[in-house]
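# An overview of the molecular structure
Below, each chain spelled out in residue letters.
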Amino acid sequence: MQGYTVTVAETGETFTCNQNEILLAAMRRTGKGPIQYGCFGGGCGVCKVKIISGDYQVVKKMSHAHVLAQNPTDGTVLACCVTPRGNITVSRV
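Overview of the structure. (Residues numbered from 1 in each chain as written. Predicted model: local features only at pLDDT ≥ 70, side-chain atom pairs only at ≥ 80, totals over all residues. Heavy atoms only, no water.)

## Digging into the overall build of the protein
Selection rule: Secondary structure elements follow DSSP: runs of H or I of four or more residues count as helices, runs of E of two or more count as strands, with numbering from the N terminus. Burial classification: accessible surface area is computed with a 1.4 Å probe over protein chains only, and a residue below 20% of its type maximum counts as buried, one above 50% as exposed, and the rest as partly exposed. In this description, contact between two residues means that some pair of their heavy atoms is separated by no more than 4.5 Å. Using the Shrake-Rupley algorithm and a 1.4 Å probe, accessible areas are obtained, with residue cover drawn only from the displayed protein chains. The convention is simple: Lys and Arg are positive, Asp and Glu are negative, and His and the chain ends are not counted. Where a charge lies is defined by one atom per residue type: Lys uses NZ, Arg uses CZ, Asp uses CG and Glu uses CD.
Along its length, the protein carries one helix and seven strands. Along the protein, from the amino end to the carboxyl end, the secondary structure elements read β-β-α-β-β-β-β-β. With the C-alpha coordinates aligned to their principal axes, the bounding extent of the protein is approximately 30 × 25 × 25 Å. Residues counted as buried form 39% of the 93 residues belonging to the protein. Pairs at least 24 residues apart make up 54% of the contacts formed inside the protein by residues separated by at least 6 positions. On the protein, roughly 4,800 Å² of surface is accessible, and the fraction owed to carbon and sulfur atoms is 49%. The centroid of the 9 positive side-chain charges in the protein is displaced by 7 Å from the centroid of its 5 negative side-chain charges.

## Observations concerning the pattern of salt bridges
In plain terms, the rule: Just to be clear on terms, a salt bridge is a Lys or Arg side-chain nitrogen sitting within 4 Å of an Asp or Glu carboxyl oxygen.
Enumeration over the complete set of coordinates arrives at two salt bridges. Note that Glu10 is salt-bridged to Arg92, the shortest N-O span being 3.9 Å. Remark: Arg92 occurs in strand β7 (residues 88-92) and Glu10 occurs in the loop between β1 (3-8) and β2 (14-18); sequence separation between them is 82 residues. Judged by its relative accessible area of 42%, Glu10 falls in the partly exposed class. Using a relative accessible area of 41% as the deciding quantity, one classes Arg92 as partly exposed. Glu21 serves as the salt-bridge partner of Arg29, at 2.9 Å between the closest nitrogen and oxygen.

## Quick notes on the sheet that holds strand β3 (residues 48-53)
Short version of the rule: Any two strands with at least two DSSP bridges between them are considered paired. Note on definitions: angles span 0 to 180 degrees between N-to-C directions of axes, and those axes are lines fitted to C-alpha atoms, for helices only across the stretch in contact.
Here five strands make up an open sheet; going across it, the order is β2-β1-β7-β3-β5 and the pairing mixed. Every other strand in the sheet has two partners, leaving β2 and β5 (76-78) as the edge strands with one partner each. Adjacent strand axes in the sheet meet at a mean angle of 40 degrees when their direction is disregarded. Across three bridges, β3 lies against β5 in antiparallel orientation. Looking at the pairing, Lys50 lines up with Thr76 of β5. Sitting on the sheet, helix α1 (residues 23-30) touches β1, β2, β3 and β7, and the angle it makes with β2 is about 125 degrees.

## A look at the environment of Val59
As for its placement among the helices and strands, Val59 is situated in the loop between β4 (56-58) and β5. Classification of Val59 as partly exposed rests on a relative accessible area of 41%. Note: C-alpha distance between Val59 and Cys81 (22 residues apart in sequence) is 5.5 Å. With near-sequence residues (within four places) excluded, Val59 lies in contact with Ile22, Cys81, Val82 and Thr83.

## A word on the state of the cysteines
Our working rule: Cysteine sulfur pairs qualify as disulfides if the two atoms are within 2.5 Å.
On inspection of all chains with the given rule, the structure shows zero disulfides. The thiol of Cys81 is not disulfide-bonded; the next cysteine sulfur, from Cys80, is found 3.6 Å away. Residue Cys81 is classed as buried on the basis of its relative accessible area, which comes to 0%.

## A word on the environment of Ala26
Within the element layout of this structure, Ala26 appears in helix α1. Leave out the neighbours within four places in its chain, and Ala26 touches Phe15, Thr16, Cys17 and Glu21.

Written as structure tokens, this is what we have:
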């Protein structure tokens, strides 16, 4: 199974997110990254992060109360709703 390297901008720590693995699931599995979470379903906004670089795919609907629909390209996402499509760098929001 292919994996991608996730780098946390603030700390420089890295971990692997498997192909098709939700970013938040990889954070929980490895115990690394900005790991706060609540509902795990895209509604509470606790797992909000900013993807600074790299490609990702939104795989679940994100609450527009927490992520602005009018500017989806700024990289602010809910970690429970995205999967990397390559190596990425994330930052706490």
